[in-house]
Amino acid sequence: MNKRTQSFEYEWFESADDLSPQDRELLQAARDALSKAYAPYSHFQVGAAARLEDGRIISGANQENAAYPMCLCAERVVLAAVESEAPGAVISALAIRVHSAKHPVSEPAAPCGACRQVIHEKEQRQRAPMRILLQGEKGPVIALQGGKDLLPFAFGGEFLL
Ligand code: THU
């Protein structure tokens, strides 16, 4: 037996003011997308915005359903929207913002496990990682280099050959 360690580096910004204009723009697009959320059950809105390689931004938000397991997370909504609007386009960055009607969210919220899996598949398809930006309603911003940092030991299509 030998012990192995896996670690990763990420960026932490005390304020969005310290980000590049491009990153700030994408976080604002995710913030704007909160208005597209349909979250009458959780009252927790999630907005996601994807920047494509050509600079275009596509956004989406969570869509809930009275049959709770049918709820669609913002991340998967936006990834599906990209494939609909720009099939096969490479996503260079993905920003995620959240808002709760019940309490202020001043910490970044990370994608759920299912969304991490779908982000991983998209990165595999496009053969490139996407920068991932996370921010609450305000406050600090986390920037990750790609989905693999959120999902180590990911399952992927290579096992199904
Ligand atoms: N939600 C997302 O949109 N993304 C996530 O990664 C976590 C959760 C949504 C689903 C549901 O509408 C609400 O947040 C509460 O779970």
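In case you missed it, the structure is sitting above this.
A brief structural summary. (Residues numbered from 1 in each chain as written. Predicted model: local features only at pLDDT ≥ 70, side-chain atom pairs only at ≥ 80, totals over all residues. Heavy atoms only, no water.)

### Describing the nonpolar core
Move 1: Among the nonpolar cores identified, the biggest contains 23 residues, and Leu-52, Val-82, Ile-91, Leu-94, Ile-96 and Ile-132 are the most heavily contacted of them.
Move 2: Counting residues per element, the ones that place at least two in this core are β2 (44-52), α2 (74-85), β4 (91-100), β5 (131-135) and β6 (141-144).
Move 3: Leaving out residues up to four positions away in the same chain, Leu-94 has contacts with Leu-26, Ala-48, Ala-49, Ala-50, Val-78, Ile-119, Met-130, Arg-131, Ile-132 and Leu-133.
Move 4: If you look at the next biggest cluster of nonpolar residues, it comprises 13 residues, including Phe-13, Leu-26, Ala-29 and Ala-30. (Core = buried A, V, L, I, M, F, W, Y, C linked by side-chain atoms within 4.5 Å. Buried < 20%, exposed > 50% of the residue type's maximum accessible area, 1.4 Å probe, protein only. Helix = DSSP H or I, 4+ residues; strand = E, 2+ residues; numbered from the N terminus. Contact = heavy atoms within 4.5 Å.)

### Comments concerning the packing of aromatic side chains
Move 1: Under the criterion given, the structure shown has three aromatic pairs.
Move 2: Aromatic pair Phe-8 and Tyr-10: ring centres 5.7 Å apart, planes at 40°, arrangement tilted.
Move 3: In this structure Tyr-10 comes out as partly exposed when scored by relative accessible area, which is 45%. (Phe/Tyr/Trp six-rings, centres within 6.5 Å; stacked < 30°, edge-to-face > 60°.)

### Some details on the site of the ligand
Move 1: In the neighbourhood of the ligand, the contacting residues comprise Ser-42, Phe-44, Val-46, Asn-62, Glu-64, Cys-73, Ala-74, Glu-75, Pro-111 and Cys-112.
Move 2: The side chain of Asn-62 places a nitrogen or oxygen atom 2.9 Å from an oxygen atom of the ligand.
Move 3: Against a free-state accessible area of 370 Å², the protein chains account for coverage of 77% of the ligand.
Move 4: Of all elements in the fold, only β2 and α2 reach the threshold of two or more residues within the shell around the ligand.
Move 5: A per-class count over the shell around the ligand returns six nonpolar, two polar and two charged. (Near = heavy atom within 4 Å. Polar contact = N/O pair within 3.5 Å; in protein donor to acceptor, adjacent residues only side chain to side chain. Areas by Shrake-Rupley, 256 points an atom, 1.4 Å probe, with all protein chains shown as cover. Nonpolar A, V, L, I, M, F, W, Y, C, P; charged D, E, K, R; others polar.)

### A closer look at the sheet that holds β5
Move 1: The strand order across the open sheet built from six strands is β1-β6-β5-β4-β2-β3, with neighbouring strands paired in mixed fashion. Edge positions in the open sheet fall to β1 (11-13) and β3 (57-61), since each of these has one partner strand only. Taken pair by pair, the neighbouring strands of this sheet meet at an average axis angle of 15°, ignoring direction.
Move 2: Of the pairings in the sheet, the one linking β5 to β6 comprises four bridges and is antiparallel in character. By the bridge assignment, Leu-134 is partnered in β6 with Ile-142.
Move 3: Most of the contacts of helix α1 (residues 21-33) go to β2, to which it runs at about 140°, and overall it touches β2, β3, β4, β5 and β6. (Pairing = 2+ DSSP bridges. Axes fitted to C-alpha atoms, helices over the stretch in contact; angles between N-to-C directions.)

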